[in-house]
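# Notes for the structure review
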Amino acid sequence: MSESERPTSPTYEVAPLTPAMPIATLRARRKTNAQDENGSFVIPVVPPPASTTTVATIARDEESRVRDRKPSQPAEKISILFPTDSRLALPVLTTAHAGFVDITNRLPLNAPKTPEKTDSTREFGKRPPRPGATRSKAKVQQKRPTVPKSPPLWRTLEAKGKVGIAETLDYELLGTLPYGASMVTPGMLREGLLTPDTAYHAWVGAKRAIEERCVPPPGEWDLARVLADAMRFYLVELGVAILEQVEGPHYTFIDPRLHDNTGAMIKQALRLVRLFTKKGHRRERIIVTIPATEAGVQAAKTLEGEHRVQTNLTLVSGLEHAAVCAEAAATCVTLCHKEVSEACGRRTGSNNPFIRAWEAINSPPRRLAEEAIQSAAAYFNMHELGTSIVVANLQGPCVAENLGEFDGIALTTDQSLRARVPTHGVPPAAASAAVMLAKKHASAAQYPTSYLAAKDGAFLSAMPVDARAVAKLTLSTGLKGMMEQMHQTSMHLLEFIQGEAQLEQLDDVGLQECYRADDLEATRVEKMKAAGRDVEEDFPIRWWDVGFRMRFSTWDQPEAYRDH
């Protein structure tokens, strides 16, 4: 096929121009869309007539239009030098920028722009306003009740004439903080064995008990008696060390394991007072702490009335229990906040967990404990009783602000440090309400009481049911912890005493035989190390004990030293 016979393909040298749409058509179309949206009526769309234009016709028209077009003027050339180095070139302005330069000279384009805040501007944390939504009225901001700041507890105690009692073995605090009295508890005896400075007093007490023991027949030791004397000497030695640091009275204690034996508690109290007197301290400074059980209250009554020994009945649970102790003429009563709080939480007799949870919500145990202490203090102040009230085992130093008119507060090491920092106080309205409630309970209580004379000292059965339940739980909880501490301390001292007794009864050969197992273990370890193996001891070898070193020495063979 020749070139003339080939059909010409529709090529375009210039892109075909889209025919411009008349403005009227746009307006009509916009109006039509609005009418369609309103739904008032619909204009029928008439299809355009069929076009007779072909591709070839469009091509011929474009060619003729291109031929008739006049050549356009060449654009003005800008003479800009080509950079020959790496330095920044100077700005070049042409005539096309003249208008822009004039504008920049008149307007402060370099000034910082602050975005204009509009309604549509969304800030962090705020929702943009919805269109058409009415703005609600500004809410009136309610001021939150501010909790007043209380001064440090030490300053409050000093201002109110209260006594801070040192319940710590930190000698640095004992010599710096303004304590007015000191106290030793079973937990402090156990804690003293863990520090070299205070463990020395335990060693002195044990050695003194061994030296002053009544010598039984040869080869026999009365370990129970020696241990009891060692515990008593340790308690006195530790108390004397604290008395040298703190002025004022000192609270020592009876072994809580004797809580149900009146005669034994009286005998031990007299021995403790006698020992402190021999150390040069007047008996007026010594207060003997006794558990406030039925036997303990009777012992305190006897000691106060017949022997002029000051007593402190501890683990008191509330107003009625404190009234019994005041009836026995005790010098002090101690209400332990932690134990009373736990007892108030367990006082219900129901096994239903929902009932227990409901009671805990309506009457929180801590608040009940505070009310019990406040009521007892109000009762003593109302009737001007001579017995002082001491608060111990606080669950935080800020609790002291809610406990009413007590006379003294026992502070541990941590509590003594926190008492130097201001705390959140109690709102005046709440404080006044608590005082009024405490006075109401105190005025409704019986005075004078006759619990001790009612059933020959069995005052628990004469108390109201709720008060009796709280008293029993407080005593059982507190005595359990105190007896556990005393047991651990006594076992520690007993191990030392047994070792001393064993050494006294053994000869040189018998002493070496006590370390046979250590000798075998040491031999095994040395052989494994000589073979280059890693080995661990099956049990701690007593390398530095005298009996173990005697097995490896030749002290009993003098002939071995003749050649040296």
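Residues numbered from 1 in each chain as written. Predicted model: local features only at pLDDT ≥ 70, side-chain atom pairs only at ≥ 80, totals over all residues. Heavy atoms only, no water.

This part covers the sheet that holds strand β5 (residues 286-291). Pairing within the closed barrel is parallel, and its eight strands lie in the order β2-β3-β4-β5-β6-β7-β8-β9. With strand direction ignored, the average angle separating the axes of adjacent strands in the sheet is 30°. Bridge count between β5 and strand β6 (residues 310-314): five bridges; the pairing is parallel. Of the residues in β6, the one forming a bridge with P291 is T314. Lying over the sheet, helix α14 (residues 365-382) contacts β7 (332-336) and β8 (388-392), oriented at roughly 165° with respect to β8. (Pairing = 2+ DSSP bridges. Helix = DSSP H or I, 4+ residues; strand = E, 2+ residues; numbered from the N terminus. Axes fitted to C-alpha atoms, helices over the stretch in contact; angles between N-to-C directions. Contact = heavy atoms within 4.5 Å.)

Along the polypeptide, A378 turns up in helix α14. A378 sits in the buried class, given a relative accessible area of 14%. Between the C-alpha atom of A378 and that of H441, which follows or precedes it by 63 residues, the distance is 8.5 Å. Look past the residues within four positions of A378 in its chain and what remains in contact with it is A438, K439 and A442. (Buried < 20%, exposed > 50% of the residue type's maximum accessible area, 1.4 Å probe, protein only.)

Attention shifts here to the packing of aromatic side chains. Under the defined criterion, the tally for this structure stands at four aromatic pairs. Judged by centre distance (5.3 Å) and plane angle (80°), the ring pair of W154 and Y179 falls under edge-to-face. Residue W154 is located in helix α4 (residues 153-160), and its partner Y179 is located in the loop between α5 (171-176) and β3 (181-183); the two are separated by 25 residues in the primary sequence. W154 sits in the buried class, given a relative accessible area of 10%. On the basis of an interplanar angle of 75° and a centroid distance of 6.1 Å, the ring pair of Y379 and Y447 is categorised as edge-to-face. Of the two residues, Y379 is situated in helix α14 and Y447 in the loop between α16 (428-444) and α17 (451-454); the sequence distance between them amounts to 68 residues. Residue Y379 is classed as buried on the basis of its relative accessible area, which comes to 2%. Its relative accessible area of 42% is what places Y447 among the partly exposed residues. Feature note: the residues Y379, F380 and Y447 constitute an aromatic cluster, connected by ring pairs. One residue, K162, lies across the ring of F406, its end atom 5.9 Å from the ring centre. The ring of F233 is capped by R208, whose NZ or CZ atom sits 4.3 Å from the centre of that ring. (Phe/Tyr/Trp six-rings, centres within 6.5 Å; stacked < 30°, edge-to-face > 60°. Lys NZ or Arg CZ within 6 Å of the ring centre and 35° of its normal.)

It is the contact of helix α7 (residues 196-211) with helix α8 (residues 223-243), at a shortest axis distance of 7 Å, that shows an interaxial angle of 140°. Comparing their axes, α8 and α7 come out oblique. Both α7 and α8 take part in a crossing whose hand is right-handed. Mapping the contact onto sequence places T198, H201, A202, V204, G205, A206, R208, A209 and I210 in α7 and V226, D229, A230, F233, Y234, E237, L238 and A241 in α8. The residue inventory of the contact of α7 with α8, partitioned by class, reads eleven nonpolar, three polar and three charged. (Parallel < 35°, antiparallel > 145°, perpendicular 65-115°, else oblique. Left-handed = near helix turned anticlockwise from the far one by under 90°. Nonpolar A, V, L, I, M, F, W, Y, C, P; charged D, E, K, R; others polar.)

For E237, the location among the structural elements is in helix α8. A polar atom in the side chain of E237 sits 3.0 Å from the side chain of K279. (Polar contact = N/O pair within 3.5 Å; in protein donor to acceptor, adjacent residues only side chain to side chain.)

As far as function goes, none of this settles anything; it's purely spatial.
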